[in-house]
Structure formats: C-alpha cells, structure tokens
Amino acid sequence: MKAVILVGGKGTRLRPLTCKTPKAAIPILNRPALEHMLRYLEGHGIHDVILATGHLADSIDGILKSIQIDIRTLPVLETMPLGTAGAVKNASRYLDDAFVVLNGDIVTGIDLSEMARLHRQVRPRVTMALTPVDNPTMYGVVETTDCGLVKKFVEKPGWDRVTTNLINAGIYIIEPAVLDYVAESTMVMFEDYVFPRLLEQGEPVLAYPSDAYWIDVGTPEKYLKVNQDLLGQTQTGAVVQGEAVIDPGARLEGPVLIGPECVIAAGAHIRGPSVIGPQCRIAAGAAIEASVLWDNVTIGERSKVKTSIIASNCRVEEDCYLEQCVLGRGVTIGRGNSLDWGARIWPDSLVGCAPPASSH
Ligand code: GTP
C-alpha cells in the first residue's frame, strides 16, 4: 500500500518555529518530525511514500537527503495550497489502489497494519482512524453506528450534545474513487467537504477507533509535550548523542537528551524532560528546565530557560530569564532580559540588553 503524507500546511499555530522551517522538519528528539513518521510507516511495511508539499517545500527535499531509511519518497509540489483533499488529488496520477493518507504533524502508535487489514476485509470507501480526547467540546467529534460505520461529524459540540469523545485522528485509508469528489486544482478539505459528502451519498466510511498514543503537533504546547512524552517513553536519565563535552560539575537531572558536539559548562543545570540539540553551548550557572533547544543555541551564564522552545542559532546572553517562550531561528536575547509571559519572538530578532537595575 502507498502512503501520502500531507506536509504542505503553513503551520501558523506553531509560528515562529514554522516561519522558516516546515512542520515536517522541526526536530522531535533531535530528528526531523518527518523521520518519525517515515519510521512509523516503515514499521507497518509501507515503502512507497508521496509527500504532498507546499509551504517551504525546498527544506523538505533537504531533510529527505538526511534521513537514512528504506522507503521510496516522491515529493509532489503544489503551487498553491490545495487543502488536504486537493493535495491528494494533485498526486492522484501516482495512486491506483487503496492508499493511506496521513496528516504530517501527528505522532502515533495507531496500528496501521490492523487498520489496513480491516479495510481490505470490509472494503468501505474510507477507513478513518479515531482517537479519544479528554475535552470533545474543543474538536470535531465523529459519531459511529453500532456496526462501526461513521454516522455523523459534529463540530465542537456543547457538553449537553456530547455523545462521544472520539475525534478524527488524521489517518485514512482511501479508495481511489473517493477522489472523484475532488475537483482538480481546487482547495478542498477531506474533513469538512469530502467526508460529509460521502455520508450524504450513503457511501460507507468505516471507523477505526484506537486508544494508542496519538498527538497532533500543532501548537508549541503540544510540541513540548510530544518531546517530553517520547523522552519519558525511552529513557529515565541523561543520554548523550555522539561527542559532547560535559563538565563533571554540570548537573543533568531526569530524562535529558543532549545532541552531539554540545558543550555544557560546570555549574550548568539541565532538568528534564529536556532536549538539547546538536552544537549547543550552555554556560556556567545556566539552568534549563522542561525545554527544547534546537541546534547551535547558546545560553549565557546564569540564564534560566523554563518550559520554552528555542530554535536554531539563537543566543540568550547572561542573566536572562525565559519562561514559556518560543524563539524563532536566529534570535538574540540581550543580557538581563526577563521574558516570563509566553513571548513569541520572530526569527532573526534582536532583543537588546535590559537596562541595569536602578541604584535608587
Ligand atoms: P495551522 O496553520 O497551524 O492550522 O497548521 P497547518 O497548516 O499544518 O494545518 P493543519 O494542522 O490543519 O494541517 C494538518 C496537516 O495537513 C498538516 O500535516 C499540514 O501540513 C497538512 N496540510 C494542511 N493544508 C495543506 C495543504 O493545503 N496542502 C498540503 N499539501 N498539506 C496541507
């Protein structure tokens, strides 16, 4: 079975991380998000993958070269955003049998092999993976019949109308005939156009509910969470990748992943769950807690970074305090700044040094 991964979205909710980096390229545990998805597909015996690209497509070509995996990948570019269904239609010349479509921003353990087996057995038009959420009133929920077919899509139901906590997990197995519902070169979404039309026409859409791990990495909070969840699943202490210089006087506490060629000075304290990307420098007395740093980030002496995401090539000078901040690529935070209000700083910005405290 072939797969189509949707990687063309702008990722606006993840800005400034996605201003210069497509969502598929953002690192999760120091590897591009797309690599996690490809390994998931490989684990389910899928070796032919079409990437529906758009926003920052060139970067996706670049990261594909860096991933060593036994999968054939074919990027198919949209010259304008076509939406989830329009993007698949745009690649339809490569699809001649039932195929899998996945939102490129999910990390999951849903059993795709079992889902495909069920699809082949029942042969509906679409099999849709469903995942439970704690608060269904925030999502479009999917009601199903007793025999497991999708009955209805209900957008953000009030608590008095909640009949299920299952939402669309962004993984579908689709018969090619479904693409007849999608006009060429037109912006069309599966979620709010194609799937409701299928139900109107009485076409069978099979539900595949699963309580396996699932997260969509759509916001900075979820981006931190996926890194922390995966860290927690794989390690309890510190893991250092490749060569790094860690002073014996540095303290690494809890699940911490340190990328290759990092330099961590004496008196630095890194508290997990945290991920430090390759070639970062953490100076003496600096403290990092529950945060993710991409590559080539410098944290100056005595600076503290808590629950924050810092993209590549950023520099936080001495005596800063950052909490719940998201820094785009190439940001410099001058000495003595305190950003503890969830700031989002756009790429290449310079936040000047804070004035010295008044002597009065
Ligand atoms: P937001 O702007 O933050 O909503 O992010 P997004 O643009 O990624 O949209 P959303 O999270 O709804 O998209 C779900 C998946 O579909 C992601 O993997 C996107 O990359 C992908 N996607 C969304 N729109 C398009 C599109 O027009 N073309 C392609 N090829 N993929 C898309």
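Residues numbered from 1 in each chain as written. Predicted model: local features only at pLDDT ≥ 70, side-chain atom pairs only at ≥ 80, totals over all residues. Heavy atoms only, no water.

**Student:** Whenever I open this one, the site of the ligand confuses me. Can you help?
**Tutor:** Close contacts around the ligand come from 19 residues, with L6, T12, R13, E78 and G83 the closest. In this structure, a nitrogen atom belonging to the ligand sits 3.1 Å away from a main-chain N or O atom of G8. Separating an oxygen atom of the ligand from a backbone N or O atom of G11 is a distance of 3.1 Å. Protein chains shield 83% of the accessible area of the ligand, which is 610 Å² for the free molecule. Mapping the ligand onto the cavity grids shows that it belongs to the largest pocket. Taken together, the elements giving at least two residues each to the shell around the ligand come down to strand 1 (2-7) and helix 3 (83-89). No other element matches the 3 residues that helix 3 contributes to the shell around the ligand. In terms of residue class, the shell around the ligand is made up of 6 nonpolar, 8 polar and 5 charged. (Near = heavy atom within 4 Å. Polar contact = N/O pair within 3.5 Å; in protein donor to acceptor, adjacent residues only side chain to side chain. Areas by Shrake-Rupley, 256 points an atom, 1.4 Å probe, with all protein chains shown as cover. 1 Å grid on protein atoms, 1.4 Å probe; cavity = no way out; pocket = protein on both sides within 12 Å on 5 of 7 lines; lining within 4 Å. Sits in = over half its atoms within 2 Å of the grid points. Helix = DSSP H or I, 4+ residues; strand = E, 2+ residues; numbered from the N terminus. Nonpolar A, V, L, I, M, F, W, Y, C, P; charged D, E, K, R; others polar.)

**Student:** Explain empty space enclosed by the protein to me, please; I cannot follow it from the model alone.
**Tutor:** Counted by the stated rule, this structure contains 1 cavity of 30 Å³ or more. Estimated volume of the largest cavity: approximately 60 Å³. K23, A24, I26, I28, A33, G104, D105, I106, V107 and V217 are the residues that line the largest cavity. Of the residues in the lining of the largest cavity, the class split is 7 nonpolar, 1 polar and 2 charged. (Points joined across faces, edges and corners; volume = space filled by probe spheres on them.)

**Student:** Where do I start with the pattern of salt bridges in this structure?
**Tutor:** Pairs can form between side chains of opposite charge whenever their charged atoms are close. In this structure the tally under the stated criterion is 18 salt bridges. Across the pair K222 and D216 runs a salt bridge, and its minimum N-O distance is 2.7 Å. Owing to a relative accessible area of 22%, K222 belongs among the partly exposed residues under this scheme. The shortest N-O distance in the salt bridge between E253 and R271 comes to 3.7 Å. Placement of the pair is E253 in strand 16 (residues 251-253) and R271 in strand 19 (residues 269-271), with a sequence separation of 18 residues. For E253, a relative accessible area of 30% translates into the label partly exposed. (Salt bridge = Lys/Arg side-chain N within 4 Å of Asp/Glu carboxyl O. Buried < 20%, exposed > 50% of the residue type's maximum accessible area, 1.4 Å probe, protein only.)

**Student:** Can you help me understand the environment of L14 in this one?
**Tutor:** Checked against the element boundaries, L14 lands in the loop between strand 1 and strand 2 (27-28). Under the relative-accessibility criterion, L14 is labelled buried at 0%. In this structure the C-alpha to C-alpha distance between L14 and Q324, which are 310 residues apart in sequence, comes to 14 Å. Residues in contact with L14, not counting those within four places in the same chain, are K23, I26, V217, G218, T219, P220 and Y223. (Contact = heavy atoms within 4.5 Å.)

**Student:** Looking at this structure, I do not really get the layout of surface pockets. What am I missing?
**Tutor:** Of the volumes computed, that of the largest pocket is approximately 1400 Å³. Contributing to the lining of the largest pocket are 45 residues, with R13, T84, N103, M189 and E191 lying nearest its centre. For the lining of the largest pocket, the secondary-structure elements that each account for two or more residues are strand 1, helix 3, strand 9 (140-144), strand 10 (150-155), strand 11 (166-174), helix 5 (190-200) and strand 13 (214-216). Take the lining of the largest pocket: its biggest share by element is 5 residues, from strand 11. Split into classes, the residues belonging to the lining of the largest pocket amount to 22 nonpolar, 12 polar and 11 charged.

**Student:** Looking at this structure, I do not really get unusual backbone geometry. What am I missing?
**Tutor:** Trans is the prevailing form of peptide bonds, just as negative phi is the prevailing case for residues other than glycine. Note the cis peptide between R15 and P16, where omega equals 10°. With respect to the helices, strands and loops of the structure, P16 is situated in the loop between strand 1 and strand 2. The residue after G272, namely P273, is reached through a cis peptide bond having omega 0°. One non-glycine residue, R123, lies in positive phi territory at about 55°. Residue position: R123 is located in the loop between helix 4 (112-122) and strand 8 (126-132). For R123, a relative accessible area of 43% gives the class partly exposed. Backbone geometry places D348, a non-glycine residue, at a positive phi of 65°. Within the secondary structure, D348 is located in the loop between strand 32 (344-345) and strand 33 (350-351).

**Student:** Could you clarify how one ought to interpret the nonpolar core in this entry?
**Tutor:** By size, the foremost hydrophobic cluster in this structure holds 36 residues, and its most contacted members are I5, L34, L41, V49, L102 and I171. Residue assignment for this core shows that the elements contributing at least two residues are strand 1, helix 1 (33-43), strand 4 (48-53), helix 2 (57-66), strand 6 (99-103), helix 4 and strand 11. Among the elements that line this core, the one with the most residues is helix 1, at 5 residues. Those residues in contact with V49, other than ones at most four positions away along the chain, are A3, I5, L38, L41, I71, R72, T73 and L74. (Core = buried A, V, L, I, M, F, W, Y, C linked by side-chain atoms within 4.5 Å.)

**Student:** Which parts of the structure should I look at to understand the sheet that holds strand 24 (residues 298-299)?
**Tutor:** One key point about sheets: their strands pair by backbone hydrogen bonds, in either a parallel or an antiparallel sense. Taken together, 7 strands build an open sheet; the order of strands is 15-18-21-24-27-30-33 and the sheet is parallel. Edge positions in the sheet fall to strand 15 (245-246) and strand 33, since each has one partner strand and no second. (Pairing = 2+ DSSP bridges.)

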